[in-house]
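Coordinate analysis (summary)
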Amino acid sequence: MKNTKDFLQMKQNGEAIVMVTAYDYPSGRLAEQAGVDMILVGDSLGMVVLGYDSTIPVTVEDMIHHTKAVLRGAKDTFIVTDMPFMSYHVSKEDTMQNARRIMQEAGAHALKVEGADEVLETIRLLTHAGVPVVAHLGLTPQSVGVLGGYKVQGKDAESARKLLADAKACEEAGAVALVLECVPKQLGAEISAMLQIPTIGIGAGSKTDGQVLVYHDIITYGVGRVPKFVKSYAAVQDEIVRGIIQYRDEVKARQFPDDAHSFTMKEEELTALYG
Ligand code: KIV
Ligand code: NA
């Protein structure tokens, strides 16, 4: 299994780091089979798996439940789990307890937190406790209410300057990697060149050290409208619906199950039963 040292080495070697989200046993299994470098159990599970319209309702219990399932499917891959909304803001004790549970009960290898400012102290505390922390800047979906929607961040000089400073501060606080979401490609490039730690971009251009996308978005599985930064590499949902329609039609027509999918009792046993 690759670890934080390998990711740093990959950055130094200019080798792109591939990350994908996963939320359960099959997605973990298939992501590992496809040979990704790391898996994110993202709180995006609230949207793509649980059907909420934001990540706000996702709980620590949800993250533990889904991380355990992913781990059963991907035993050989570095797993980062999101700390969900408000699970690292109430108090230091609460933050550390939630982090401990996701690491010990679920078995995540690293935790991801959104934002800088007050969160920098959290990154420091977790790092000192031995938890590898992945920072997340730019569009931070847990703050969608404050940001006023899912929009590109850092487009003007002032907000770009703040983002550059925040990125540096996250690294100094001990973050092992930085997810950069929905920022202009120039900013993605600049931050990646400035930091020692690897950056993982999503909608941040091609110059970040790695890329991450949501599993369901990559394969078009149960999703509707997707952001501009998503590229679809497979159309799984069409195939799923096609299969279920065919099953439905065959049941209605009494074509399924046929003999190939049924069990038989021997003739003599039937005779013994009915005479
Ligand atoms: O929850 C998630 O899937 C994420 C990625 C989009 C970075 O945080
Ligand atoms: Na997330």
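Rules and cut-offs
- Residues numbered from 1 in each chain as written.
- Chains lettered and ligands numbered in written order.
- Predicted model: local features only at pLDDT ≥ 70, side-chain atom pairs only at ≥ 80, totals over all residues.
- Helix = DSSP H or I, 4+ residues; strand = E, 2+ residues; numbered from the N terminus.
- Contact = placed C-beta atoms within 7 Å.
- Near = placed C-beta within 6 Å.
- Nonpolar A, V, L, I, M, F, W, Y, C, P; charged D, E, K, R; others polar.
- UniProt positions renumbered as here; feature names shortened; annotations may be inferred.
- Buried ≥ 20, exposed ≤ 12 C-beta atoms within 10 Å, placed from the backbone.
- Core = buried A, V, L, I, M, F, W, Y, C linked by C-beta atoms within 7 Å.
- Pairing = 2+ DSSP bridges.
- Axes fitted to C-alpha atoms, helices over the stretch in contact; angles between N-to-C directions.
- Parallel < 35°, antiparallel > 145°, perpendicular 65-115°, else oblique.
- Left-handed = near helix turned anticlockwise from the far one by under 90°.

A few points about the overall build of the chain
What the chain contains, in helices and strands, is 12 helices and 8 strands. Projected onto its principal axes, the C-alpha positions of the chain cover 85 × 40 × 35 Å. A sequence separation of at least 24 residues applies to 58% of the contacts in the chain between residues at least 6 apart.

A word on unusual backbone geometry
For the bond from Phe256 to Pro257, the omega torsion is 0°, close enough to zero to count as cis. Note on placement: Pro257 falls in the loop between α11 (236-252) and α12 (267-274). Although it is not a glycine, Met86 adopts a positive phi angle of roughly 65°. Position of Met86 relative to the elements: it lies in the loop between β3 (78-82) and α5 (92-106).

Comments concerning the site of ligand 1
Neighbouring residues of ligand 1: Thr21, Leu40, Gly42, Asp43, Ser44, Asp82, Val179, Glu181, Ile202, Val212 and Val214. Residue composition of the shell around ligand 1, by class: 5 nonpolar, 3 polar and 3 charged.

Regarding the UniProt feature "active site" (unreviewed entry) in the chain
This chain's UniProt record puts "active site" (unreviewed entry) on Glu181. If you trace the backbone, Glu181 turns up in strand β6 (residues 177-181). The residues contacting Glu181, other than those within four sequence positions of it, are His136, Gly138, Leu139, Ile202, Gly203 and Ala204.

Some details on the environment of Ala106
On the secondary structure map, Ala106 appears in helix α5. With 20 C-beta atoms counted inside 10 Å, the residue Ala106 sits in the buried group. Here Ala106 is in contact with Ile64, Thr67, Lys68 and Thr81, once residues within four sequence places are set aside.

Digging into the UniProt feature "binding site: Mg(2+)" (unreviewed entry) in the chain
On the UniProt side, "binding site: Mg(2+)" (unreviewed entry) is annotated at positions that read Asp43, Asp82 and Glu114 here. Considering the C-alpha atoms alone, the annotated residues occupy 72 residues of sequence yet fold into one spot, their largest mutual distance being 11.1 Å. By secondary structure assignment, the location of Asp43 is in the loop between β2 (38-41) and α3 (45-48). The exposure class assigned to Asp43 is buried, which follows from the 29 C-beta atoms found within 10 Å. Those residues in contact with Asp43 that sit more than four places away from it in its chain are Thr55, Val58, Met63, Asp82 and Pro84. What Glu114 contacts, discounting residues up to four positions off in sequence, is His136, Thr140, Gln142 and Ser143.

What to know about the nonpolar core
General note: in soluble globular proteins, nonpolar side chains tend to be found buried as a group. If you look at the biggest cluster of nonpolar residues, it comprises 69 residues, and the most contacted ones within it are Val20, Ile39, Ile102, Leu111, Val133, Ala175 and Leu178. With 6 residues, helix α4 (residues 60-73) is the largest single contributor of residues to this core. Among all residues touching Ile39, those that are not within four sequence positions of it are Met19, Val20, Ala22, Gly28, Ala31, Val70, Ala74, Thr77 and Ile79.

Considering the environment of Val179
Within the fold, Val179 resides in strand β6. Of the residues examined, Val179 has 26 C-beta atoms within 10 Å and is grouped as buried. With 109 residues separating them along the chain, Val179 and Val70 place their C-alpha atoms 20 Å apart.

What to know about the sheet that holds strand β8 (residues 210-213)
Within the closed barrel, the 8 strands sit side by side as β1-β2-β3-β4-β5-β6-β7-β8. Their pairing is parallel. Direction aside, neighbouring strands of the sheet carry axes that sit 25° apart on average. Relative to strand β4 (residues 110-114), β3 is paired through 3 bridges, and the arrangement is parallel. Bridge assignment links Asp82 to a residue of β4, and that residue is Lys112. Contacts from α4 reach β2 and β3 within the one sheet, and its direction differs from that of β3 by about 165°.

Overview of the packing of helix α6 (residues 119-128) against helix α8 (residues 157-173)
Interaxial distance between α6 and α8 falls to 8 Å at its minimum, and their mutual angle equals 25°. Considered as vectors, α6 and α8 are oriented roughly parallel to each other. Seen along the crossing, α6 lies across α8 with a hand that is right-handed. Residue-level inspection shows Leu120, Ile123 and Arg124 of α6 in contact with α8, the latter providing Ala169, Cys170 and Ala173. Here the contact of α6 with α8 is composed, by residue class, of 5 nonpolar, no polar and 1 charged.

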